[in-house]
Amino acid sequence: VTDLATSILGRTGVEVSILGYGAYELRGPSGPSVSDAEAGRLLNEVLDSGVNVIDTAIDYGISEDLIGRYIARRRDEYFLAGKCGCVVGQEGLHVHTAANIREGVETSLRRLKTDHLDLVQFHLSLTKQQMEEHGALQELLKLRDEGKVRYVGESGTLPNILEQVPMGVFDVFQVPYSALQREHEKVITTAAESGAGIIIRGGVAKGAPTGAWGRAENYMINPDMMKIRWEEAGLDDVLGGISRMEFMLRFTLSHPSLHTAIVGTSNIDHFHDNLAAAGKGPLPADMIAEAKRRLDAVGAGATA
Ligand SMILES: NC(=O)c1ccc[n+]([C@@H]2O[C@H](COP(=O)([O-])OP(=O)(O)OC[C@H]3O[C@@H](n4cnc5c(N)ncnc54)[C@H](OP(=O)(O)O)[C@@H]3O)[C@@H](O)[C@H]2O)c1
């Protein structure tokens with residue numbers, strides 16, 4: 001176990017490692033090619049390294065099954081975050097009825113071989129009306145009362161997150177953020193100040209700055225825009241000898257309201273690189289200030 005820094009995930013009071021693991025890359029056929037045994041080794045290495053947050057979803061292919069198969073016996077070593085609203089077996093389809101919320105959570109529990117999820121997050125960033133009109137939120141709270149779910153969260157994005165935070169019902173928000181996607185920079189702080197835990201996703205911008213700009217396709221901002229932001233801001237000139245990926249991850253970890261960044265990877269070497277970068281903590285304040293100054297100047301700043 002490394003001495004990875006930890007923080008308290010808002011009002012949940014749970015101590016989480018600042019580097020978490022996003023299991024989307026373990027989705028199987030539609031994702032990177034990883035054998036089941038390799039996935040098992042990676043998941044065990046994640047835990048051995050002191051990472052104690054694992055994020056998955058009903059519609060991440062075989063990811064939940066792999067977690068259940070390879071690390072369920074170590075269940076007390078990780079904070080397990082899942083999603084709801086997804087329709088079992090139909091990737092990308094979401095239905096926010098009470099029945100579908102229950103079916104989803106119960107399917108996750110079976111696949112993950114556990115009796116509780118630590119966190120269940122609405123996978124889509126819904127309006128208050130969308131989460132309530134067919135009883136979805138009410139059912140999620142019922143599942144919490146039954147002990148199947150410990151905390152409830154939202155994978156929230158602008159603009160709906162502005163309505164979700166004041167509802168006061170969500171213990172955790174999962175929000176996209178990185179140097180190349182700073183749109184949520186301010187609302188992350190607003191959510192944290194309300195007492196919610198903050199999970200950051202997209203913290204290494206899909207690895208795009210390694211030169212694989214196409215990777216970020218279908219992401220919240222398109223890959224061309226990320227490349228343009230990187231180049232126009234001249235970020236290579238602020239690296240001071242560190243790698244682009246170390247810069248990306250440590251920039252993300254420099255957000256003062258972040259509790260954990262769930263970085264996805266199918267590659268154990270990338271995981272070790274990320275662990276080493278996270279071990280160095282946030283970037284120096286002057287480097288962050290210079291990067292933000294340059295990004296602001298090209299219109300790549302915070303919007304809310
Ligand atoms: N709506 C939602 O709730 C939602 C949406 C998206 C994601 N998520 C969650 O958030 C997690 C992370 O989000 P994300 O996947 O969008 O973004 P991310 O963590 O920024 O990017 C993951 C990608 O970056 C690459 N990568 C990671 N470390 C690297 C390194 N050191 N060097 C080079 N490439 C590296 C990975 O490829 P390799 O496999 O090659 O390392 C992977 O393709 C997901 O796994 C999922 O759990 C949730």
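Scroll up to find the structure this text is about.
Here the structure is a predicted model, which means the values were calculated and not measured.

Parameters and conventions
- Residues numbered from 1 in each chain as written.
- Predicted model: local features only at pLDDT ≥ 70, side-chain atom pairs only at ≥ 80, totals over all residues.
- Heavy atoms only, no water.
- Near = heavy atom within 4 Å.
- Polar contact = N/O pair within 3.5 Å; in protein donor to acceptor, adjacent residues only side chain to side chain.
- Areas by Shrake-Rupley, 256 points an atom, 1.4 Å probe, with all protein chains shown as cover.
- Helix = DSSP H or I, 4+ residues; strand = E, 2+ residues; numbered from the N terminus.
- Nonpolar A, V, L, I, M, F, W, Y, C, P; charged D, E, K, R; others polar.
- Axes fitted to C-alpha atoms, helices over the stretch in contact; angles between N-to-C directions.
- Parallel < 35°, antiparallel > 145°, perpendicular 65-115°, else oblique.
- Left-handed = near helix turned anticlockwise from the far one by under 90°.
- Contact = heavy atoms within 4.5 Å.
- Buried < 20%, exposed > 50% of the residue type's maximum accessible area, 1.4 Å probe, protein only.

Asker: So what exactly am I meant to see when it comes to the site of the ligand here?
Answerer: Of all residues adjacent to the ligand, which total 29 residues, the nearest are Asp-55, Ser-155, Thr-265, Ser-266 and His-270. Contact distances for the ligand include 2.8 Å between an oxygen atom and a side-chain N or O atom of Ser-155. When isolated, the ligand has an accessible area of 890 Å², and the protein chains bury 92% of it. Secondary-structure elements contributing two or more residues to the shell around the ligand are β12 (260–264) and α10 (268–279). It is β12 that provides the largest number of residues to the shell around the ligand, a total of three residues. When grouped by side-chain class, the residues that make up the shell around the ligand number nine nonpolar, 14 polar and six charged.

Asker: I would appreciate a short explanation of the packing of helix α1 (residues 36–48) against α10 in the present structure.
Answerer: Each pair of packed helices can be summarised by the angle the axes make with each other and by the distance between the axes. For the pair α1 and α10, interaxial distance at closest approach is 10 Å and the crossing angle is 15°. Relative to α10, α1 is oriented roughly parallel. Where α1 crosses over α10, the two elements pack in a sense that is right-handed. Contacts between α1 and α10 involve Arg-41, Leu-42, Glu-45 and Val-46 from the former and Ile-268, Phe-271 and His-272 from the latter. Here the contact of α1 with α10 is built from residues that sort into four nonpolar, one polar and two charged.

Asker: Just checking my understanding: could you explain unusual backbone geometry for this structure?
Answerer: Excluding glycine, residues mostly have negative phi values, and the peptide bonds linking residues are mostly trans. The step from Leu-158 to Pro-159 runs through a cis peptide bond, and the omega angle for that step is 0°. In this fold, Pro-159 is placed in the loop between β9 (149–154) and α6 (161–167). Even without being glycine, Lys-206 reaches a positive phi, approximately 65°. Locating Lys-206 in the fold gives a position in the loop between β11 (197–201) and α8 (223–233). Taking the relative accessible area as the measure of exposure, Lys-206 reaches 28% and is therefore partly exposed.

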